[in-house]
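Results of the structural survey
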Amino acid sequence: MSPFLQDCQHKITHLPIGIHPMPEAQEEAQELRRQYPDKKIVFSLGRLVPYKGFCYLVEAAKHLSDDYVLLIGGTGPLKEELQSQIEGLGLEKKVRLLGYVPDEALPAYFCACDLFCLSSVMKTEAFAIVQIEAMSLGKPVVATRIPQSGVPWVNAHGQSGLNAEPCNAEDLVRCIKAVLEDKDAYNRFSEGALERYRTMFTQEQMINNCLEIYSKLWP
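Each residue is numbered by its place in its chain's sequence as written, counting from 1. Local features are withheld for residues below a pLDDT of 70 in this predicted model, meaning they are given only at 70 or higher, and side-chain atom pairs are given and counted only at 80 or more; totals for whole chains, interfaces and linings count all residues. As a rule here, side-chain values come from all non-hydrogen atoms in the structure, and water together with hydrogens is ignored.

So, on to the pairing of strand E2 (residues 68-73). Most of E2 sits inside the fold, with six of its six residues counted as buried. Partly exposed residues are those whose accessible area sits between 20% and 50% of the maximum for their type, while under 20% is buried and over 50% is exposed, using a 1.4 Å probe and protein chains only. For helices the rule is a DSSP run of H or I covering at least 4 residues; for strands it is a run of E covering at least 2, with both sets numbered from the N terminus onward. The side-chain alternation of E2 yields two buried faces, one formed by Tyr-68, Leu-70 and Ile-72 and the other by Val-69, Leu-71 and Gly-73. If DSSP finds at least two bridges between two strands, the strands pair. Note: strand E1 (residues 40-45) against E2, six bridges, orientation parallel. Across the sheet, Lys-40 pairs through a bridge with Tyr-68, a residue of E2.

Given below as structure tokens:
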């Protein structure tokens, strides 16, 4: 919630972004999973820039067991720095920088992963559509409680996943393990992620919400 808008809340509403569901790509996803047999796949996606907090996600991988693999898609100025961090921590087999992932290849990664992680640390990350793309396939999300950002609202804590403290690798680890190492919890978060997408973030819901707002302005 912006502190600058608190005195005029009665004049404000919100219109959540809505998207078409991420396409199923089961065959391609199976091929990807064959590359990482018996691994819990954590997928993340975004520009390799400071506000995305990827350095904390890489650090978190150090505290995850060897049956995890972390795949980070995207390009940006921090690529070499992150690769050096990965090598310095001896995580070459556990963390992979995928580079640019074309749009047509994204469904396979979303389908193949067990969990999507958004490690952003600044309110520059205002919403993160990648969260609802993951939810549309029933993938639980681990995101961060960024102050004055919509990120933790999009990922409803305890429903579609869990939200960790920003800039805190240990809390990311705790949340990732809580989702992926308890089968009942995983199934609950998976169902909750899909339900939250269907009730809040479909394109149809966005259009209906928009029409409702206009109908109230011009009854």
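What follows continues from the structure just given.
A few words on the environment of Ile-12. Turning to its location among the elements, Ile-12 is positioned in the segment before helix H1 (26-35). C-alpha separation for the pair Ile-12 and Cys-113, spaced 101 residues apart in sequence, amounts to 37 Å.

As a further point, take the nonpolar core. The nonpolar side chains of soluble globular proteins are, as a tendency, buried together. Here, nonpolar core refers to any group of buried Ala, Val, Leu, Ile, Met, Phe, Trp, Tyr and Cys residues whose side-chain atoms link them within 4.5 Å. Judged by nonpolar contacts, the single largest core of 37 residues is most densely connected at Phe-43, Leu-71, Phe-110 and Phe-116. Ranked by residues supplied to this core, first place goes to helix H4 (residues 106-112) with six residues. Throughout, a contact is declared for two residues whenever any of their heavy atoms are within 4.5 Å. Beyond its immediate sequence surroundings of up to four residues, Phe-116 is in contact with Phe-43, Ser-44, Leu-45, Phe-110, Val-130, Ala-134, Pro-140, Val-141 and Val-142. Leu-78, Leu-97, Leu-162 and Cys-175 belong to the second-largest nonpolar core, a separate cluster that totals 32 residues.

The salt bridge definition used is simple: a Lys or Arg side-chain nitrogen within 4 Å of an Asp or Glu carboxyl oxygen. Under the counting rule described, the total for this entry stands at eight salt bridges. Between Asp-66 and Lys-94 there is a salt bridge, with its nearest N and O atoms 3.7 Å apart. You can see Asp-66 sitting in the loop between helix H2 (54-61) and E2 and its partner Lys-94 sitting in the loop between helix H3 (79-88) and strand E3 (95-99), a full 28 residues away along the chain. On the accessibility criterion, Asp-66 (59% relative accessible area) is exposed. For Lys-94, a relative accessible area of 10% corresponds to the buried category. Here the salt bridges do not stand alone but share partners, grouping Arg-145, Glu-165, Asp-171 and Arg-174 into one network.

Right, let's talk about the packing of H2 against H3 for a bit. Each axis is a line fitted through C-alpha atoms, taken for helices only over the stretch in contact, and angles between the N-to-C directions span 0 to 180 degrees. Running from N to C, H2 and H3 point in directions that differ by 15°, and their axes come no closer than 10 Å. The angle between the axes of H2 and H3 places the two elements in the roughly parallel class. The element H2 and its partner H3 pack so that their crossing is right-handed. Only Leu-82, Gln-85 and Ile-86 of H3 make contact with H2, whose side of the interface consists of Phe-54, Cys-55, Val-58 and Glu-59. The nonpolar class holds Ala, Val, Leu, Ile, Met, Phe, Trp, Tyr, Cys and Pro. Asp, Glu, Lys and Arg form the charged class, and all remaining residues, Gly among them, are polar. Considering only residue class, the contact of H2 with H3 consists of five nonpolar, one polar and one charged. Angle categories: roughly parallel below 35 degrees, roughly antiparallel above 145, roughly perpendicular from 65 to 115, and oblique for all the rest. The hand of a helix crossing depends on one turn: near helix anticlockwise from the far one by less than a right angle means left-handed, and clockwise means right-handed.

Moving on, we get to helix H7 (residues 169-180). Each α-helix winds once per 3.6 residues, and so residues spaced three or four apart point in a common direction. The end-to-end C-alpha separation of H7 is 16 Å, in line with the 16 Å expected for 12 residues at 1.5 Å each. Those residues of H7 lying buried are Ala-169, Asp-171, Leu-172, Val-173, Cys-175, Ile-176, Val-179 and Leu-180. Polar contacts, as used here, are pairs of N or O atoms within 3.5 Å; protein pairs need one atom able to donate a hydrogen and one able to accept it. Residues neighboring in sequence count only if both atoms are side-chain atoms. Residue Asn-168 occupies the N-cap position of H7, its side-chain oxygen lying 3.2 Å from the main-chain nitrogen of Glu-170. Expected span of a helix: the number of residues minus one, times 1.5 Å.

Right, let's get into H2. The set of residues buried in H2 consists of Phe-54, Leu-57, Val-58, Ala-60 and Ala-61. Each buried residue of H2 sits inside an arc of 155° when the element is viewed along its axis, so together they form one side. Here the buried face of H2 lies against E1, E2, H3, E3, strand E4 (115-117) and H7. The arc in question is traced by the directions running from the helix axis to the C-beta atoms.

Another point: the packing of aromatic side chains. Each Phe, Tyr or Trp ring, with Trp reduced to its six-membered ring, pairs with another whose centre is within 6.5 Å; inter-plane angles below 30 degrees give stacked pairs, above 60 give edge-to-face pairs, and intermediate values give tilted ones. In the structure shown here, the tally under the stated rule is six aromatic pairs. For the pair Phe-43 and Phe-110, a centre-to-centre distance of 5.3 Å together with 90° between the ring planes defines the contact as edge-to-face. In this pair, Phe-43 is assigned in strand E1 and Phe-110 in helix H4, connecting sequence segments 67 residues apart. Here Phe-43 matches Phe-110 in class, with each residue buried. Between Trp-153 and Phe-201 the ring centres are 5.7 Å apart and the planes differ by 85°, which places this aromatic pair in the edge-to-face class. With a gap of 48 residues between them, Trp-153 in helix H6 (residues 151-154) and Phe-201 in the loop between helix H8 (183-200) and helix H9 (203-217) connect regions that are remote in the sequence. Taking relative accessible area as the criterion, Trp-153 reaches 37% and is therefore assigned partly exposed. An aromatic cluster of at least three residues, connected via ring pairs, comprises Phe-43, Tyr-109, Phe-110 and Phe-116. Distance and angle both matter: a charge sits over a ring if NZ of Lys or CZ of Arg is within 6 Å of the ring centre and within 35 degrees of the ring normal. The positively charged end of Lys-40 is found above the aromatic ring belonging to Tyr-68, 5.3 Å away from the centroid.

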